[in-house]
Amino acid sequence: MREVTIRDSLSGERKLVDQDREVGIYACGPTVYSRIHIGNARPFVIFSLLSGFLRDEGYRTRLVINVTDINDKIYTAAKAAGISSAQLATEMTDAYIADTDRLGIGRPDAEPLATATMPGIVGLIADLIAGGHAYESGGDVYFRVRSFPDYGKLSNRQTEDMDQGEESGSDQLKEEPLDFALWKGHKEGEDTSWDSPWGRGRPGWHIECSAMAEAELGESFAIHGGGSDLVFPHHENEIAQSEAARGTPLARIWMHNGMIETDSAKMSKSDGNIFQLSEALDRFGPETVVAYLISGHYRQPLAFSEEVLEASSARLARYRNFLRGQPSDAEPDEVSGAAEEAFRDALAEDFNTPAALAVVSDLMAAANRGESEGAGPVVGRMLGMLGLGSLAEADDISGPDAEALSLLDERQAAREARDFARADEIRERLGELGWEVRDSADGATLKPGGP
């Protein structure tokens, strides 16, 4: 078990991951008001692969990625779609799971829903009120920010810059503009609400994650992660409410991934700058998407374009061609063994996936020069730790049969008719038959894959 360090966003320092107890990792998942975009997939991939690497090194890990299925955006999107917010949240949660399943890197150990954590949410709010850190006003409950002296320690923002955004509530109900909502009283047009000691309503966004994290990992755990756009207000508010209620640090390490950017603008659903994960998977395949998402250091922004996905696809072709030319039963030699150690060292130093990929390329080059005869299995093992293990699988499956080809034609007709639900059903059926659909400008093709 080697020492693993992660750069802590709170202190700005590298911190050791504790080897002596379970490594609980909580990463903020999507708000399910629409299908997720490729930017939402980055934390899913990063924290899934980090958890897998730690486990491979001998750490005891537990990865939790939540689903926010109560939110203002869900109410708004459901109303526009003419369906209930519960139906929309369920449909989009199912789509999120289906889309991330297709990445082929497994699922988290737990995926709690905010709607299933209501008793814990209400209990945490009640504890904050009892401790003088929160107050009820007009059916809402607000966190009293000035009751927590360390507020702002994660984001390092000045008080005048702390706009609570969508969670600000009604200013006339708050003691101070800084305070943020823990519970929101039921409002006209909202079709779901829950009972509480303060009347029917629903939780605020931030308290949901604090309660879900505590329920799954306890009052204090190893790593709290998410996108850098969540530092303020979401993670700042999580720290305040959890630590005010429990008197212990919420997480020992805060870990934030950079945003996916197009034309130097953060990709987000609200800005309309979207490239859906399902579309990227259809057109480029899961290996290309995963390779793209780990091509830059997790802390840095990642430029997005079709060209960079095509470049990732080309890199994968080189990996695949190399593996096809190597004996699968070769024993590791001194060169390949040293490369695997360097690969693991790169991941152990702030999960540096670009450096790890560079080791893979160097070992392939050494093997091509005749300097290593045992590189094939080692390259396959290293790619497997990066979610790319399928590249080493044998490609000896016969072509699609008449049923699969007929389904492919039917799917194309459904897409042309914009019946995307039917197209997705057909894709899932093809997956059950062992075929993965690849869409391109030249039309759809079938590649061995599926369950």
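Just checking my understanding: could you explain the pairing of strand 6 (residues 140-143) for this structure?
Along strand 6, one buried face is formed by D140 and Y142 and the opposite face, lined by V141 and F143, is buried too. Connecting strand 5 (residues 134-137) to the next strand, strand 6, in antiparallel fashion are two residues, including G138 with a positive phi near 60°. Of the pairings in the sheet, the one linking strand 6 to strand 7 (residues 180-185) comprises three bridges and is antiparallel in character. Within the sheet, the bridge partner assigned to Y142 lies in strand 7 and is A181.

Teacher, can you tell me more about the sheet that holds strand 8 (residues 201-203) here?
What holds strands together in a sheet is hydrogen bonding between their backbones, with the strands either parallel or antiparallel. What the four strands build is an open sheet, ordered 5-6-7-8; its pairing is antiparallel. Every interior strand has two partners, whereas the edge strands, strand 5 and strand 8, have only one. Averaged over all adjacent pairs, the angle separating strand axes in this sheet is 20°, with direction ignored.

Honestly, the packing of helix 4 (residues 118-130) against helix 6 (residues 231-246) in this entry has me stumped. Any pointers?
If you want to describe how two helices pack, look at the angle between their axes and the distance between the axes. Axis separation between helix 4 and helix 6 bottoms out at 9 Å; the angle between their running directions is 70°. Put simply, helix 4 runs roughly perpendicular to helix 6. Judged by the twist between their axes, the crossing of helix 4 over helix 6 is left-handed. Here helix 4 contributes L124, D127 and L128 to the contact with helix 6, which in turn contributes Q241, A244, A245 and R246. A per-class count over the contact of helix 4 with helix 6 returns four nonpolar, one polar and two charged.

How should I be thinking about the pattern of salt bridges in this particular structure?
A pair can form between side chains of opposite charge whenever their charged atoms are brought close. Enumeration according to the criterion identifies 37 salt bridges in this entry. For D350, the salt bridge identified is with R299, shortest N-O distance 2.8 Å. Of this pair, D350 sits in the loop between helix 10 (334-348) and helix 11 (353-368) while R299 sits in the loop between helix 8 (286-293) and strand 13 (302-303), and the two are 51 residues apart along the sequence. Judged by its relative accessible area of 29%, R299 falls in the partly exposed class. Put simply, R2, D56, E57, E340, E341, R344, D345 and R381 are held in one network by salt bridges that share partners.

How do you make sense of the packing of helix 1 (residues 38-56) against helix 8 when you look at a structure like this?
For the pair helix 1 and helix 8, the least separation of the axes is 10 Å and the interaxial angle reads 80°. Relative to helix 8, helix 1 is oriented roughly perpendicular. Residues I38, A41, R42, V45 and I46 of helix 1 form the contact with helix 8, whose participating residues are V289, V290, Y292 and L293. Of the residues contributing to the contact of helix 1 with helix 8, the split by class is eight nonpolar, no polar and one charged.

Mind showing me how you'd approach empty space enclosed by the protein here?
Sizing a probe to match a water molecule and rolling it over the atoms shows the empty space that remains. Per the counting criterion, the structure on display carries one cavity of 30 Å³ or more. There is about 30 Å³ of room inside the largest cavity. As for the largest cavity, its lining consists of S210, E214, G218, E219, S242, R246 and L250. Of all the secondary-structure elements, those providing two or more residues to the lining of the largest cavity are helix 5 (205-217) and helix 6. The residue makeup of the lining of the largest cavity, split by class, is one nonpolar, three polar and three charged.

What's the story with the packing of aromatic side chains in this structure? I'm lost.
Two descriptors summarise a pair of aromatic rings, namely the distance from one centre to the other and the angle between the planes of the rings. The tally for this structure, following the rule as stated, stands at eight aromatic pairs. Ring centres of F44 and Y96 lie 6.3 Å apart, and the angle between their planes is 90°; this geometry places the pair in the edge-to-face category. Here F44, found in helix 1, pairs with Y96, found in helix 3 (residues 85-101); they are 52 residues apart in sequence, far enough to count as distant. Note on accessibility: F44 and Y96 belong to one class, buried.

For this particular structure, what's the right way to read helix 7 (residues 277-284)?
For the α-helix, the turn length of 3.6 residues means that residues three or four positions removed from each other point alike. Burial within helix 7 is extensive, with six of its eight residues counted as buried. By the burial criterion, the buried members of helix 7 are L277, S278, A280, L281, D282 and F284. Trailing helix 7 by a residue or two, G285 shows a phi angle of about 90°, which is positive.

Help me out: how do you make sense of the side chain of H297 in this one?
Structurally, H297 is set in the loop between helix 8 and strand 13. Those residues within four positions of H297 in sequence are excluded, and the remaining contacts are R42, D350, F351, N352 and P354.

Help me understand unusual backbone geometry in this model?
Peptide bonds are, in most cases, trans, and in most cases residues other than glycine have a negative phi. The amide bond that connects F232 to the next residue, P233, takes the cis arrangement and shows omega of 5°. Take P233: it is sitting in helix 6. Although it is not a glycine, N156 sits at a positive phi angle of roughly 55°. Looking at N156, the relative accessible area reads 61%, which means it is exposed.

Is there a simple way to explain the sheet that holds strand 3 (residues 23-27) in this structure?
Across the sheet, four strands lie side by side as 4-3-9-10; this open sheet has parallel pairing. One side of each edge strand has no neighbouring strand; the edge strands of this open sheet are strand 4 (61-65) and strand 10 (251-257). Adjacent strand axes in the sheet meet at a mean angle of 20°, parallel and antiparallel pairs treated alike. Sheet topology note: the strand 3/strand 9 (residues 221-227) ladder contains three bridges and is parallel.

Could you clarify how one ought to interpret the state of the cysteines in this entry?
One covalent bond between the sulfur atoms of two cysteine residues makes up a disulfide. By the definition in use, this model includes zero disulfides. In this structure C28 is not part of a disulfide, and its nearest cysteine sulfur, from C209, lies 3.9 Å away.

Reading the values: rules and limits
Residues numbered from 1 in each chain as written. Predicted model: local features only at pLDDT ≥ 70, side-chain atom pairs only at ≥ 80, totals over all residues. Heavy atoms only, no water. Buried < 20%, exposed > 50% of the residue type's maximum accessible area, 1.4 Å probe, protein only. Helix = DSSP H or I, 4+ residues; strand = E, 2+ residues; numbered from the N terminus. Pairing = 2+ DSSP bridges. Axes fitted to C-alpha atoms, helices over the stretch in contact; angles between N-to-C directions. Parallel < 35°, antiparallel > 145°, perpendicular 65-115°, else oblique. Left-handed = near helix turned anticlockwise from the far one by under 90°. Contact = heavy atoms within 4.5 Å. Nonpolar A, V, L, I, M, F, W, Y, C, P; charged D, E, K, R; others polar. Salt bridge = Lys/Arg side-chain N within 4 Å of Asp/Glu carboxyl O. 1 Å grid on protein atoms, 1.4 Å probe; cavity = no way out; pocket = protein on both sides within 12 Å on 5 of 7 lines; lining within 4 Å. Points joined across faces, edges and corners; volume = space filled by probe spheres on them. Phe/Tyr/Trp six-rings, centres within 6.5 Å; stacked < 30°, edge-to-face > 60°. Disulfide = S-S within 2.5 Å.

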